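# Descriptive structure summary
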Number of protein chains: 2
Amino acid sequence: MSQSSKPPKPPTPPSPSPAPVPTSADVARLAGVSRATVSYVLNNAEAVRISEPTRRKVREAAEELGYVPHAAARSLRAGHTRIVLLPTSHVPIGPLYSTFLNELQWALRGLDYTVVQYGSLGLTGDEAARAWAELRPVAVLSLGEIALSAHNVATLKRAGARAVLTMGPQAVPGAHALLMDQAEVGARAAEHLVERGRRRIGVVVPEEEGLGLFSTPRLEGARSVAGAEIVALRMAYSEESAAELAQRWGSLGLDAAFAYNDEYAMLLMRAFQDVGLRVPEDVAVMGADDLLIGRLLRPRLSTVQIEMPTGERLAALVDEAVREPAAAVRRHDLMAAVAVPRDST
Amino acid sequence: MSQSSKPPKPPTPPSPSPAPVPTSADVARLAGVSRATVSYVLNNAEAVRISEPTRRKVREAAEELGYVPHAAARSLRAGHTRIVLLPTSHVPIGPLYSTFLNELQWALRGLDYTVVQYGSLGLTGDEAARAWAELRPVAVLSLGEIALSAHNVATLKRAGARAVLTMGPQAVPGAHALLMDQAEVGARAAEHLVERGRRRIGVVVPEEEGLGLFSTPRLEGARSVAGAEIVALRMAYSEESAAELAQRWGSLGLDAAFAYNDEYAMLLMRAFQDVGLRVPEDVAVMGADDLLIGRLLRPRLSTVQIEMPTGERLAALVDEAVREPAAAVRRHDLMAAVAVPRDST
DNA sequence: TTGAAAGCGTTACCAT
DNA sequence: ATGGTAACGCTTTCAA
C-alpha cells in the first residue's frame, strides 16, 4: 500500500472496521439501476411504472445488502417528521398512569407516529423546549410534568410542531389544553366524607418528590369543599412513616383521612389498625384511583374513581390537532372523578 | 413604519402558512456572517477562534429568530446518532419494572443519549429490527419483550448499531447478554415451599397476554426443583377469576400456591380466606417481587425479592458497549433472587 | 478570523 | 419506463 494523496484512512482508531452502512446508492449499484429507481420500487411509488424484472432485481439487491432506509435523511428531505414527543419525568405515578401511557403509545403507533419518550427531569421549561425542538416533532404532548410557558410553546411551533398539547390542571396559551384537574379528585373525596358526617379531615400529602403536581391540586380540591376543615399531613410511602402518623393521630383531633391515593390509604389504614384505631368507626379512610388492591383489605377501601381518557381517544385528539392545526386551539375536559363508597368510610 | 421591500408579514393567516423553520442560514444572514461561523459559535468550536463581537452577534441573531438546530441534519452529517432505542410492549409489568425503566432512561440522558422508546407490540422480530434500524440507533436495548434472532442483531449492526443488548433469560448470538433469568424466581419460591414441607404446589400463570415472557420461566424454574410436584393454574388479574380458582382449590389436592407475583398472590390469598381456607395452615401462599403492599395484608405475604440492576448500572453497561464494541460480546448476570419468608407460608 | 464549498442519504421533478 | 439532478440543514475541511 503506497501513500496516495489521501492519507491512509485510519480505520477508526480504537475499534476495528465499523463496516459502512449500505445506502440506496449501494442497492442501485448492485441492481444496476439508478438511485431514483430504487426509491420508487422500495416506496411502491404509484406515479411511476417500473417493470416487474427491475422491481425484483432491486428488491433482491436490497435484501442481499440488508438495506434499511435512513429515517433522518428521509425526514430531512421530506421537511417534516412523524415524531410525537412525549416528555417524561422519572416519577413512578402508579399503575393507572403507566397503563394509560402504554395505551397511548400503542395507539399513536397505530396512527403511524413514532413516539419519542424524552426524559426531561430536571430541565427548565426553556431547556426542555429547545431540546425537544431539535427533534422537529410534529406534535408534543406534555403530560404536565414540566411547566410550559407560552414562550416555550412558541419555540416548539417555530420548530415545526403542528400541535402542542398539554395535559394538566390549566391551559397554556397557544397549546391545546387537555384539562385534567386533579382538584376534582380531592373535592369528590371531601364531599363524600362530609356527607358521611365527617368534619375534620386530614389530607395526606406524599413526601415523595415529583408528586406535587398531583397532590397539591388534590389537597386544594378538598379545601374547596364547604363544611370540612382540612389539615395537610405529610407522609412517605413506607410503613415507618405511616406508623409514625398513626401514632400521633389521636392528638390531631381528626375524624377522617383522605390519603392521596389507594396505596397511601392502604398503608395508613393498616397503621391505624395496628395502633388500635377502628376504621371507619374511629376514623374514616378514603383513597383515590380505585386500584384493585384497595378491595383486598378489610374493610374495603372507599376511593375516588378517575376516568382517564383512553389512549386511543387521546391519540385521536393528537392526530386531529396535527391534521388541522388551523382549528382554534381547543380545550377538552378529559377527566371525570366520582366517589366509590365502600366500607372504610 | 413605512412599507419596505418585504411585504407586510401577515399575522399568521388561519391555516396555509406553515411559517418556515429558521435555519442556520437565516441566522447567518441576520448576523451578517457565514453559516460556518454560526456553526462554530453555536457549537463552541475550540479549534477556531472567533471574535467576541461576532459571537455576540450570532447569539443574538439565533435568539431573535428562535433558532434551534435540526437534529436529523446534524446526525446525517455526523454519520451517527446518540439514540438508544428501547423497544417496549404495552404490558403493564408492575411498579418494580416501571421504576427501573424510568431510572434507566434518566441515567442514559445523563450520558448524553437520546432515549427513543419504540412501541413494538405485535411486530415480529424481523419487522421490529427493520423499523428500529431506520432510526440508526447507536445502541438497542431490548428488554426481552420481542424475541430477537441472530439475524435481527446482524440487521441492526449493519445499520450502524454499535451495541445490541438483550435482557432476558437467554443470550442471542452477536448481542451482549444481560441475563435475567426469571426461572431463578420460580426456583427460589418452590425451594422455600419445599423447605416448609409442601409437596404439591400450584403455580399461577396469568391469563393476561404478554406476561408469558416472565411467567413461563417462573413456572419452569419451579418445575426444576426436586421434591415438588407442580401444577400450572391459569388465573386472570381480577377478583372473579381468583374466586373461581379458590372455589375449586379443594378438588385440586394442593398444599401451596406460588402466585406469579405479589399482586396475584394477594388476590388469591384473599379469595382463599373468603372461601374459608386458612393461610398458611390449609394452603401456603407465595408471591414475588416484594412489593410494599404485600406487607399490608394479614398474614403478611412471603415473597421472592428480586434484585434488579440499577438504571445507572445498566446505562453504564450500554455506554461501555457503545464505546468499545470490539470487546468480545459479553454476558452479565444481572439478577439475583432470594426468598423472603413472612407469614403466609 | 472568516467564507466558500462539499457531502451526508433521500426523494421528486424533469428529461430521456 | 428509467435516469440525472437538485435540494433538505448541517458540519467541516480548506483557502483566503
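Residues numbered from 1 in each chain as written. Chains lettered and ligands numbered in written order. Predicted model: local features only at pLDDT ≥ 70, side-chain atom pairs only at ≥ 80, totals over all residues. Heavy atoms only, no water.

### As for the overall build of chain A
Counting secondary structure elements, chain A contains twelve helices and twelve strands. Whereas a compact globule of 345 residues would reach a radius of gyration of roughly 20 Å, chain A reaches 28 Å, over 25% beyond that. Among the 345 residues that make up chain A, the fraction classed as buried is 52%. A separation threshold of at least 6 residues defines the contact pool for chain A, and within that pool the share at least 24 residues apart is 73%. A total accessible area of about 15900 Å² is found for chain A, and carbon and sulfur atoms account for 52% of it. Considering chain A, the positive charge centre built from 37 side chains and the negative charge centre built from 39 side chains are found 9 Å apart. (Helix = DSSP H or I, 4+ residues; strand = E, 2+ residues; numbered from the N terminus. Rg over C-alpha atoms; globule rule 2.2 N^0.38 Å. Buried < 20%, exposed > 50% of the residue type's maximum accessible area, 1.4 Å probe, protein only. Contact = heavy atoms within 4.5 Å. Areas by Shrake-Rupley, 256 points an atom, 1.4 Å probe, with all protein chains shown as cover. Lys, Arg positive; Asp, Glu negative; His and termini not counted. Charge placed at Lys NZ, Arg CZ, Asp CG, Glu CD.)

### Some points on the packing of aromatic side chains
Residues and elements named next belong to chain A. One pass over the full model with this rule turns up six aromatic pairs over all chains. With centroids separated by 5.3 Å and ring planes inclined at 50°, the aromatic side chains of Tyr237 and Tyr264 adopt a geometry described as tilted. Here Tyr237 is found in the loop between strand 7 (229–235) and helix 10 (239–247), whereas its partner Tyr264 is found in helix 11 (residues 262–274), with 27 residues between them in sequence. The structure contains a cluster of three or more aromatic residues connected by ring pairs, namely Tyr237, Tyr260 and Tyr264. For Arg82, the ring lying beneath its charged end belongs to Tyr113, and the centroid distance is 4.0 Å. (Phe/Tyr/Trp six-rings, centres within 6.5 Å; stacked < 30°, edge-to-face > 60°. Lys NZ or Arg CZ within 6 Å of the ring centre and 35° of its normal.)

### Structural notes on the protein's contact with DNA strand C
Close contacts around DNA strand C come from 26 residues, with Arg35, Tyr40 and Arg77 of chain A together with Ser34 and Thr54 of chain B the closest. Per the 4 Å cut-off to the protein, sugar and phosphate atoms form 63% of the nearby atoms of DNA strand C. One of the side-chain nitrogen or oxygen atoms of Arg35 of chain A is found 2.7 Å away from a base oxygen of DNA strand C. Listed by contribution, the elements that provide at least two residues to the surface near DNA strand C are helix 2 (35–42) and helix 4 (71–78) of chain A together with helix 2 (35–42) and helix 4 (71–78) of chain B. Top contributing element to the surface near DNA strand C by residue count: helix 2 of chain A, with four residues. Residue composition of the surface near DNA strand C, grouped by class: twelve nonpolar, nine polar and five charged. (Near = heavy atom within 4 Å. Polar contact = N/O pair within 3.5 Å; in protein donor to acceptor, adjacent residues only side chain to side chain. Nonpolar A, V, L, I, M, F, W, Y, C, P; charged D, E, K, R; others polar.)

### Quick look at helix 3 (residues 52–65) of chain B
Residue and element names in this part refer to chain B. In this model, helix 3 (14 residues) spans 20 Å end to end at C-alpha, consistent with the 20 Å of a helix rising 1.5 Å per residue. Looking only at helix 3, the buried set comprises Thr54, Arg55, Val58, Ala61 and Ala62. The buried side chains of helix 3 occupy one side of the element, clustering within an arc of 135° when seen end-on. Exposed side chains of helix 3 directed beyond 90 degrees from the buried face belong to Pro53, Glu63 and Glu64. At the exit of helix 3 stands Gly66, carrying a positive phi of roughly 70°. (Expected span 1.5 Å × (residues − 1). Arc of directions from axis to C-beta.)

### Here's the deal with the sheet that holds strand 9 (residues 284–286) of chain B
All names here are of chain B. Strand order in the open sheet formed by four strands is 7-6-8-9, and the pairing between neighbours is parallel. In this open sheet, the two edge strands, each paired with only one partner strand, are strand 7 (229–235) and strand 9. Taking the axes of each pair of neighbouring strands and ignoring which way they run, one obtains an average angle of 25° across the sheet. When strand 8 (residues 256–258) meets strand 9, the two strands line up parallel, connected through three bridges. Bridge pairing links Ala257 to Val285 in strand 9. (Pairing = 2+ DSSP bridges. Axes fitted to C-alpha atoms, helices over the stretch in contact; angles between N-to-C directions.)

### What to know about the domain arrangement of chain A
The domain architecture assigned to chain A consists of domain 1 (24–69), domain 2 (78–179 + 309–335) and domain 3 (183–307). Here the C-alpha centroids of domain 1 of chain A and domain 3 of chain A sit 64 Å apart. (Domains from an automatic or database assignment.)

### A look at the sheet that holds strand 9 (residues 284–286) of chain A
All names here are of chain A. Spatial ordering of the open sheet is given by 7-6-8-9, a layout of four strands whose pairing is parallel. Of all strands in the sheet, those with a lone pairing partner are strand 7 and strand 9, marking the two edges. Strand-to-strand twist of the sheet, defined as the mean angle between neighbouring strand axes without regard to direction, takes the value 25°. As defined by bridge partners, strand 6 (residues 200–206) adjoins strand 8 (residues 256–258) across three bridges and the pair is classed as parallel.

### A look at the protein's contact with DNA strand D
Every one of the 27 residues lining DNA strand D counts as a neighbour, but Val48 of chain A together with Ser24, Arg35, Tyr40 and Arg77 of chain B are closest to it. Backbone atoms, meaning sugar and phosphate, form 59% of the atoms of DNA strand D found within 4 Å of the protein. For DNA strand D, a phosphate oxygen lies 2.7 Å from a polar atom in the side chain of Thr37 of chain A. Within the contact set of DNA strand D, a phosphate oxygen lies 3.1 Å away from a side-chain nitrogen or oxygen of Thr54 of chain A. For the surface near DNA strand D, the secondary structure elements donating two or more residues are helix 2 and helix 4 of chain A together with helix 2 and helix 4 of chain B. A breakdown of the residues in the surface near DNA strand D according to their chemical character gives eleven nonpolar, ten polar and six charged.

### Observations regarding the packing of helix 8 (residues 183–195) of chain B against helix 9 (residues 212–223) of chain B
All names here are of chain B. Interaxial distance between helix 8 and helix 9 falls to 6 Å at its minimum, and their mutual angle equals 40°. Overall, the two elements helix 8 and helix 9 adopt an arrangement that is oblique. In this structure, helix 8 crosses over helix 9, and the sense of that crossing is right-handed. Facing helix 8, whose interface residues are Ala183, Val185, Gly186, Ala187 and Ala190, helix 9 presents Pro217, Arg218, Gly221 and Ala222. Grouping the amino acids of the contact of helix 8 with helix 9 by side-chain chemistry returns six nonpolar, two polar and one charged. (Parallel < 35°, antiparallel > 145°, perpendicular 65-115°, else oblique. Left-handed = near helix turned anticlockwise from the far one by under 90°.)

### Some details on the relation of the copies chain B and chain A
For the match of chain B to chain A, the screw axis carries a shift of 0.1 Å, the RMSD comes to 0.2 Å, and the turn is 180°. Considering both components of the superposition, the chain copies are consistent with a two-fold axis. Both copies share a contact surface, since 92% of the interface residues of chain B are interface residues in chain A too. (Least-squares fit on C-alpha atoms with pLDDT ≥ 70 in both.)

### Some remarks on the environment of Leu245 of chain A
Residues and elements named next belong to chain A. Position of Leu245 among the secondary structure elements: in helix 10. A residue is classified by how much of its surface remains accessible, and Leu245, at 0% relative accessible area, is buried. Sequence separation of Leu245 and Val116 is 129 residues, and the distance between their C-alpha atoms is 41 Å. Ignoring sequence-local partners within four residues, the contact set of Leu245 consists of Val204, Leu233, Met235, Leu252 and Leu268.

### So, helix 8 of chain B
All names here are of chain B. Compared with an ideal rise of 1.5 Å per residue, which puts 13 residues at 18 Å, helix 8 spans 18 Å between its outermost C-alpha atoms and is within 8% of the ideal. For helix 8, the complete set of buried residues consists of Ala183, Val185, Gly186, Ala187, Ala189, Ala190, His192, Leu193 and Val194. The positive-phi residue at the C-terminal boundary of helix 8 is Gly197, with phi of around 90°.

### Quick word on the pattern of salt bridges
Between side chains of opposite charge, a pair can form when the charged atoms approach closely. One pass over the full model with this rule turns up 27 salt bridges over all chains. A salt bridge links Arg188 of chain A to Glu191 of chain A, with the nearest nitrogen and oxygen atoms 3.1 Å apart. With Arg188 of chain A and Glu191 of chain A both in helix 8 (residues 183–195) and three residues apart, the pair spans about one turn of that helix. Glu191 of chain A sits in the partly exposed class, given a relative accessible area of 32%. Across the pair Arg278 of chain B and Asp282 of chain B runs a salt bridge, and its minimum N-O distance is 3.0 Å. The structure contains a network of salt bridges with shared partners spanning Asp290, Arg295 and Arg342 of chain A together with Glu239 of chain B. (Salt bridge = Lys/Arg side-chain N within 4 Å of Asp/Glu carboxyl O.)

### With respect to the interface of chain B and chain A
Residue-level contacts link 60 residues of chain B with 56 residues of chain A. Taking both sides of the interface into account, the surface hidden between chain B and chain A amounts to around 5300 Å²; carbon and sulfur atoms contribute 58%. It is Val68, Arg136 and Leu296 of chain B in chain B that bury the most area against chain A; as a group they hold 12% of the surface buried on that side. Between the two partners, chain B and chain A, sit four salt bridges. (Buried area = accessible area lost by both parts, 1.4 Å probe.)

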